[in-house]
Amino acid sequence: MSVLVVLEQRGGKWNRTSFEALAAGQKIGQALATPVTAAVLGSNIDSLATEAAAFDIQKVFAIDDAALEQYTPDGYAAALEQLIQASTPKVVVFPHTYQVRDYAPKLATRFRKSLVSDVVDLKTVSGGLSYVRQLFQGKLNADIPAEGDLQFVSIQAGAFRAAEPASATNPIEQFRVKLDPSAIRSKPEAPYREAQRSVDLGAAPVIVSVGRGIKEKENLPVVEALANALGAELAASRPICDNGWLPMERQVGSSGQTVSPKVYFAVGISGAIQHLVGMKGSKTVVAINKDENAPIFETADYGIVGDLFEVVPALVEEIQKTKA
Amino acid sequence: MKIIVSVKQVPARDSSLRVDAQGKWLEEADLTYEMNEPDAYALEEALQLKEKLGGEVVVLCAGPQRAAQTIREALAKGADRAIHIEWEERAAPDALTTAQLLANAVKPESPDFILTGLQSDDLGYGQTGVVLAELLGFAHATIVMEVEPQGDAVRVKRELEDGWFQHVSLPLPVVLTIQSGIKKLRYATLMGIKKAKTKEVKTIPASQLGIDLNSGLVMERIYLPTRSKKTQIFSGEPKQAAHQLVEKLKFEARVI
């Protein structure tokens, strides 16, 4: 029995959320009094496996195969299926990345299990372990008891402090898999970035970001006035850019830019996790939202619960007074 | 081409979410419902695929009787017919259970494409499409931004993290989970709404599909998250709240 943490790399570089998943895996291991192992998949991954072996774990499984050079759901699911069958872990832990969302449900289905996706916390209630995950874009939480002989869990970015290497040299087991390249159905092309961004929100000291609460494109001048008064860059949550009200390059969140300004104003943004991961690094967060239960208030330092169409103009006036 | 689009009815985004006395689900009397937004984009993509390739678009929906309204909406927008997997009880099945129902209902249809949203706005497991593909033995791609049919294959543009993208080619039949915002959504026309009333909706009781709705993950308790961070909230008149906030930003946070 063990906890198996699947670490993620692309092109020889770690996805850093892997180490947050590892930290969660270590906590699960403590709760279940069971050792923690880690797996790394790819082609020519010796140095990654060595790095992983420095963490506080029992051992690393290195699955090194030419068929895993590029990520495919068929390849990854087949490789990990074989590792799980051979090493019989009780809990398999992943970082909740886009890649994991693509293959982990498929892998879990092979064992007729459901992945407990997007876990934000662990709870130990009367000796039993529960996974805490979010519902309704973070507005509610649910406790899901850790039941069954084999569990699959993915850990949300930012929910656990990343594990630090313990400068150990734990054993590395080269785990050989049998992969039939002709059974890999998807043919991936090289990943790419779209044309160079002309707006670098990452460098902006002040950002005013707008969400669904703005209701219509015609209302954008309300927040533009705030951005102007503050000398701030204007940004947005995904739905605003999806609607074409602001260009995609102004989107903050998991699929857009990651920002860490001195002040971040979230105006009419409820605070779905996809948005929060993009702005969590902000020094000070100000939220303006009509719903007092909006998850954005969990991240905010200062908040005004109210109608943005009343609050924002009042704020602009106050700022202008201060600056006058 | 036979194109299935799998849609879910979810509580509307601005619903007030009140947890019921048992802490198991929401007070349903408070809720209004709508089509899950990512599924609305999957429907749009399905309709445009049909316009390009010919064939039919079949709506697939699992849910209680009230979901019929969401099915009608999809038919009014141009889907040809529908399959409604109906359950009686109050249920929030997990992704595997839902996908098993969908797989059993859709198998006899032998579709070329199955499209669905990348996740639901309520439970948010983000897995149903992928699990469905595995159960049916279809290839799949998730978080799809563009769909380019190529005979008996399809090339899609997938969104990766941090502004990266990737094209992937897959053989048909295929399941694609669609990202929101990929196309502009159409409205139902008056004619469409009228026509929808005569379109075929085949209702299959969930109990006939041989899947236990209550198997799988159990939500022992649902609740409002407790705030771990001390947020200073300014209430009262907007003018007064704005004044207090600016004072704090100036003298406490020292950021303006």
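Remember, it's a predicted structure, so these values are computed and weren't measured experimentally.

## Topic: the overall build of chain A
Here comes step 1: A tally of regular secondary structure across chain A gives nine helices and 18 strands.
Here comes step 2: Counting only C-alpha atoms and orienting by the principal axes, one finds that chain A spans roughly 70 × 50 × 40 Å.
Here comes step 3: Within chain A, the fraction of its 324 residues that count as buried is 61%.

## With respect to the overall build of chain B
Here comes step 1: When its secondary structure is counted, chain B shows six helices and 13 strands.
Here comes step 2: Taking all 256 residues of chain B together, the buried fraction comes to 57%.
Here comes step 3: Restricting the contact set of chain B to residue pairs at least 6 apart, pairs at least 24 apart contribute 69%.
Here comes step 4: Separation between the mean location of the 32 positive side-chain charges and that of the 35 negative ones in chain B comes to 5 Å.

## Things to note about the side chain of Asp301 of chain A
Here comes step 1: Summarising the element assignment, Asp301 of chain A is placed in the loop between helix H8 (296-299) and strand E18 (302-305).
Here comes step 2: Looking at Asp301 of chain A, its side chain comes within polar contact range of the main-chain nitrogen of Val285 of chain A, at 2.7 Å.
Here comes step 3: In this structure Asp301 of chain A touches Lys283, Thr284 and Val285 of chain A together with Lys229, Lys230, Thr231 and Gln232 of chain B, once residues within four positions along its chain are discounted.

## So, the pairing of strand E15 (residues 233-236) of chain A
All names here are of chain A.
Here comes step 1: Here strand E14 (residues 206-210) runs beside E15; their pairing, made up of four bridges, is parallel. Paired with Ile207 across the bridge in E15 is Glu233.
Here comes step 2: On the question of chirality, the crossover connecting E14 to the parallel E15 by way of helix H5 (residues 220-230) is right-handed.

## Brief notes about the packing of helix H3 (residues 73-87) of chain A against helix H4 (residues 98-110) of chain A
Residues and elements named next belong to chain A.
Here comes step 1: Packing of H3 against H4 brings their axes to within 9 Å, and their N-to-C directions diverge by 45 degrees. Classed by the angle they form, the pair H3 and H4 counts as oblique. The crossing of H3 and H4 is right-handed. Residues Pro73, Asp74, Tyr76, Ala77, Ala78, Leu80, Glu81 and Ile84 of H3 lie in contact with H4, whose contacting residues are Gln99, Asp102, Tyr103, Lys106, Leu107 and Arg110.
Here comes step 2: Its residues assigned to classes, the contact of H3 with H4 comprises eight nonpolar, one polar and five charged.

## Quick word on the interface of chain A and chain B
Here comes step 1: At the interface, 82 residues of chain A touch 83 residues of chain B.
Here comes step 2: Where chain A packs against chain B, one counts eight salt bridges.
Here comes step 3: For Arg238 of chain A, the salt bridge identified is with Glu159 of chain B, shortest N-O distance 3.1 Å.
Here comes step 4: Applying the counting rule to chain A against chain B returns 37 residue pairs in polar contact (both at pLDDT 80 or more).
Here comes step 5: When grouped by side-chain class, the residues that make up the side of chain A that touches chain B number 31 nonpolar, 22 polar and 29 charged.

## A few points about helix H9 (residues 308-323) of chain A
Here comes step 1: Taking 1.5 Å of rise per residue, the 16 residues of H9 of chain A would be expected to cover 22 Å, and the 22 Å separating its terminal C-alpha atoms lies within 8% of that figure.
Here comes step 2: Restricting attention to buried positions, one finds in H9 of chain A the residues Leu308, Val311, Val312, Ala314, Leu315, Val316, Glu318 and Ile319 of chain A.
Here comes step 3: Buried residues belonging to H9 of chain A abut H5, strand E16 (263-267), strand E17 (284-289) and E18 of chain A together with helix H6 (238-251) of chain B.

## Some thoughts on the domain arrangement of chain A
Residue and element names in this part refer to chain A.
Here comes step 1: Domain boundaries assigned for chain A yield domain 1 (3-183) and domain 2 (201-323).
Here comes step 2: Using C-alpha coordinates to define each centre, domain 1 is positioned 34 Å away from domain 2.
Here comes step 3: Between domain 1 and domain 2, the contact holds nine residues from the first and 10 residues from the second.
Here comes step 4: Summed over both partners, the interface of domain 1 with domain 2 buries about 660 Å², with 53% contributed by carbon and sulfur atoms.
Here comes step 5: For the pair domain 1 and domain 2, the number of links is zero salt bridges.
Here comes step 6: Here domain 1 and domain 2 share two residue pairs in polar contact (both at pLDDT 80 or more) between them.
Here comes step 7: For the side of domain 1 that touches domain 2, the residue count by class is two nonpolar, five polar and two charged.

## With respect to the packing of H9 of chain A against H6 of chain B
Here comes step 1: At their nearest, the axes of H9 of chain A and H6 of chain B sit 8 Å apart, and the two run at 45 degrees to each other. By the angle between their directions, the pair H9 of chain A and H6 of chain B is classed as oblique. Crossing angle aside, the handedness with which H9 of chain A passes H6 of chain B is right-handed. Note on element contacts: H6 of chain B touches H9 of chain A through Pro238, Lys239, Ala242, His243, Leu245, Val246 and Lys250 of chain B, opposite Glu310, Val311, Ala314, Leu315, Glu317, Glu318, Ile319 and Thr322 of chain A.
Here comes step 2: For the contact of H9 of chain A with H6 of chain B, the per-class residue count stands at eight nonpolar, two polar and five charged.

Rules behind the numbers
- Residues numbered from 1 in each chain as written.
- Chains lettered and ligands numbered in written order.
- Predicted model: local features only at pLDDT ≥ 70, side-chain atom pairs only at ≥ 80, totals over all residues.
- Heavy atoms only, no water.
- Helix = DSSP H or I, 4+ residues; strand = E, 2+ residues; numbered from the N terminus.
- Buried < 20%, exposed > 50% of the residue type's maximum accessible area, 1.4 Å probe, protein only.
- Contact = heavy atoms within 4.5 Å.
- Lys, Arg positive; Asp, Glu negative; His and termini not counted.
- Charge placed at Lys NZ, Arg CZ, Asp CG, Glu CD.
- Polar contact = N/O pair within 3.5 Å; in protein donor to acceptor, adjacent residues only side chain to side chain.
- Pairing = 2+ DSSP bridges.
- Right-handed = clockwise from strand over helix to strand, strands pointing away.
- Axes fitted to C-alpha atoms, helices over the stretch in contact; angles between N-to-C directions.
- Parallel < 35°, antiparallel > 145°, perpendicular 65-115°, else oblique.
- Left-handed = near helix turned anticlockwise from the far one by under 90°.
- Nonpolar A, V, L, I, M, F, W, Y, C, P; charged D, E, K, R; others polar.
- Salt bridge = Lys/Arg side-chain N within 4 Å of Asp/Glu carboxyl O.
- Expected span 1.5 Å × (residues − 1).
- Domains from an automatic or database assignment.
- Buried area = accessible area lost by both parts, 1.4 Å probe.

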